[in-house]
Amino acid sequence: QVQLVESGGGLVQPGGSLRLSCAASGNIFTIYTMGWYRQAPGKLRELVAAITRGGSTNYADSVKGRFTISRDNAKNTVYLQMNSLKPEDTAVYYCNQQARAAPWDSPYDYWGQGTRVTVSS
């Protein structure tokens, strides 16, 4: 079993910055793609950014140029640096990691508990 623990959310003014972290622990054989999703009130969960084990990244159009995703494979941790935050970035942010707990297991999607980001003056 793999557990994900997120940190770094909070309240920030428009134009400000936050850095989210998500660390995986437990029985981990390999972690493939890591990503961040968000869900605003009344909206569906959407992909914000993802990064493959090799470092290739993918961003939602709404955050390109403002957010940067990165990972530390040695620490099983993914980060999301969020700059120039806007009120429309307000949401609960969820970490996702596709991991294999053992060599004989199939990859499985693991989710964090979510961390709230509020952008408001």
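Preceding this paragraph is the structure being described.
Bear in mind that the values here come from a model prediction, so they are computed numbers and not experimental data.

A.B. asks: How should I be thinking about the packing of aromatic side chains in this particular structure?
C.D. replies: For any pair of aromatic rings, the description rests on two quantities: the centre-to-centre distance and the angle between the ring planes. Counted by the stated rule, this structure contains 2 aromatic pairs. Its guanidinium or amino end placed over the ring of tryptophan 111, arginine 45 lies 4.8 Å from that ring's centre, counting from NZ or CZ.

A.B. asks: It is not clear to me how the side chain of threonine 30 should be interpreted in this structure. Could you clarify?
C.D. replies: The topology assignment puts threonine 30 in strand β4 (residues 30-39). For threonine 30, a relative accessible area of 15% translates into the label buried.

A.B. asks: Mind showing me how you'd approach the nonpolar core here?
C.D. replies: Nonpolar side chains in soluble globular proteins generally cluster together in the buried interior. Trp36, Leu80, Met82 and Tyr93 are the most contacted members of the largest nonpolar core, which has 31 residues in total. Looking at this core, the elements that each hand over two or more residues are β1 (2-7), β3 (18-26), β4, β5 (46-51), β7 (67-72), β8 (77-82), β9 (91-100) and β11 (115-119).

A.B. asks: I keep staring at unusual backbone geometry and nothing clicks. Help me out?
C.D. replies: Only a minority of non-glycine residues have a phi that is not negative, and only a minority of peptide bonds are not trans. A positive phi angle, near 55°, is found at asparagine 76, a position not held by glycine. If you trace the backbone, asparagine 76 turns up in the loop between β7 and β8. On the basis of relative accessible area, asparagine 76 is assigned to the partly exposed category, the value being 22%. A positive phi angle, close to 50°, is found at serine 84, a residue other than glycine. Tracing the chain through its elements places serine 84 in the loop between β8 and β9. What makes serine 84 partly exposed here is its relative accessible area of 40%.

The rules behind the values
- Residues numbered from 1 in each chain as written.
- Predicted model: local features only at pLDDT ≥ 70, side-chain atom pairs only at ≥ 80, totals over all residues.
- Heavy atoms only, no water.
- Phe/Tyr/Trp six-rings, centres within 6.5 Å; stacked < 30°, edge-to-face > 60°.
- Lys NZ or Arg CZ within 6 Å of the ring centre and 35° of its normal.
- Helix = DSSP H or I, 4+ residues; strand = E, 2+ residues; numbered from the N terminus.
- Buried < 20%, exposed > 50% of the residue type's maximum accessible area, 1.4 Å probe, protein only.
- Core = buried A, V, L, I, M, F, W, Y, C linked by side-chain atoms within 4.5 Å.

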